[in-house]
Amino acid sequence: MAQIDAGEILPNDHVQQMAAEGRVTQMHRGHQYADEGDTFEIDGTEFEVTDVTHRTLGDMTDEDAQREGSEDLAAYKERMKKVHGSFEWDDDSEVVRHRFAPVDE
């Protein structure tokens, strides 16, 4: 269990702000950037990584997309294409889901 920088899991200020507002509660990344129990802080609120799961893009659901701030999986896929330029969705691509929640004080 370690204190990490929020940017390790959440790639930019906009996504970090969405997490602070409770609109983003997980993030899929191409690699594992945290372990369960790690903590990070956004705007004075501490968050704990509650789950780290290795998956594929094909495992993702509408619920996953909504937990990452998109309306549904189709909108998430479009967002990934905009953010990552040459990104092509491949159901077999391996990703790591990082779930997190505010720490109750």
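Residues numbered from 1 in each chain as written. Predicted model: local features only at pLDDT ≥ 70, side-chain atom pairs only at ≥ 80, totals over all residues. Heavy atoms only, no water.

As annotated in an unreviewed UniProt entry, the chain carries the name ASCH domain-containing protein and comes from Haloarcula japonica.

Chemist: Report on the pairing of strand 3 (residues 45-56), specifying residues and quantitative values.
Modeler: Strand residues, when the strand is regular, have side chains that alternate between the two faces of the sheet. Where strand 2 (residues 39-42) and strand 3 come together, 4 bridges link them in antiparallel fashion. If you follow Thr39 over to strand 3, its bridge partner there is Glu48. A loop of 2 residues connects strand 2 with strand 3, the two strands running antiparallel in sequence, and Asp43 in this loop sits at a positive phi of about 50°. Pairing of strand 3 with strand 4 (residues 94-102), which is carried by 9 bridges, proceeds in the antiparallel orientation. Paired with Arg55 across the two strands is Val95, which belongs to strand 4. (Pairing = 2+ DSSP bridges. Helix = DSSP H or I, 4+ residues; strand = E, 2+ residues; numbered from the N terminus.)

Chemist: Any details on the side chain of Gln26? Residues and values, ideally.
Modeler: Within the secondary structure layout, Gln26 lies in strand 1 (residues 26-29). Residue class for Gln26 comes out buried when judged on its relative accessible area of 0%. For Gln26, the side chain forms a polar contact with the side chain of Arg67, separated by 3.3 Å. At 2.7 Å, the side chain of Gln26 and the side chain of Arg99 are in polar contact. Gln26 has contacts with Asp64, Arg67, Glu68, Arg97, His98, Arg99 and Phe100, leaving out every residue within four places of it along the chain. (Buried < 20%, exposed > 50% of the residue type's maximum accessible area, 1.4 Å probe, protein only. Polar contact = N/O pair within 3.5 Å; in protein donor to acceptor, adjacent residues only side chain to side chain. Contact = heavy atoms within 4.5 Å.)

Chemist: Quick one: what's the story with the packing of aromatic side chains, residue by residue and with numbers?
Modeler: Overall, the coordinates contain 5 aromatic pairs when judged by the stated rule. Look at Phe47 and Phe100: their rings are 6.2 Å apart centre to centre, the planes differ by 85°, and that puts the pair in the edge-to-face class. Here the residue Phe47 occupies a position in strand 3, and Phe100 occupies one in strand 4, the gap between them amounting to 53 residues. Of the two residues, Phe47 and Phe100, neither departs from the other in class, the shared state being buried. An angle of 80° between the planes, with centres 6.2 Å apart, marks the rings of Phe87 and Trp89 as edge-to-face. Residue Phe87 is classed as partly exposed on the basis of its relative accessible area, which comes to 22%. (Phe/Tyr/Trp six-rings, centres within 6.5 Å; stacked < 30°, edge-to-face > 60°.)

Chemist: I'd love a proper account of the pattern of salt bridges, names of residues and values included.
Modeler: Where charged atoms from two side chains of opposite charge approach closely, those side chains can pair. Going through the model one piece at a time under the given rule, you end up with 6 salt bridges. Where Glu21 meets Arg23, a salt bridge forms, and the shortest distance between an N and an O atom there is 2.9 Å. Residue class for Glu21 comes out partly exposed when judged on its relative accessible area of 45%. Arg97 serves as the salt-bridge partner of Asp51, at 3.3 Å between the closest nitrogen and oxygen. Of this pair, Asp51 sits in strand 3 while Arg97 sits in strand 4; the two residues are 46 residues apart in sequence, bridging distant segments of the chain. Taken together, the shared-partner salt bridges connect Asp51, Arg55, Asp64, Arg97 and Arg99 into one network. (Salt bridge = Lys/Arg side-chain N within 4 Å of Asp/Glu carboxyl O.)

Chemist: I'd like a description of helix 1 (residues 13-20), backed by residues and values.
Modeler: Taken residue by residue, helix 1 has Val15, Gln16, Met18 and Ala19 as its buried positions. Considered in projection along helix 1, the buried side chains sweep an arc of 160° and stay on one side of the axis. Across from the buried face of helix 1, at angles greater than 90 degrees, the exposed residues are Asp13 and His14. In this fold, the buried residues of helix 1 make contact with strand 1, strand 2, strand 3 and strand 4. With a side-chain oxygen positioned 3.1 Å from the backbone nitrogen of His14, the residue opening helix 1 is Asn12. (Arc of directions from axis to C-beta.)

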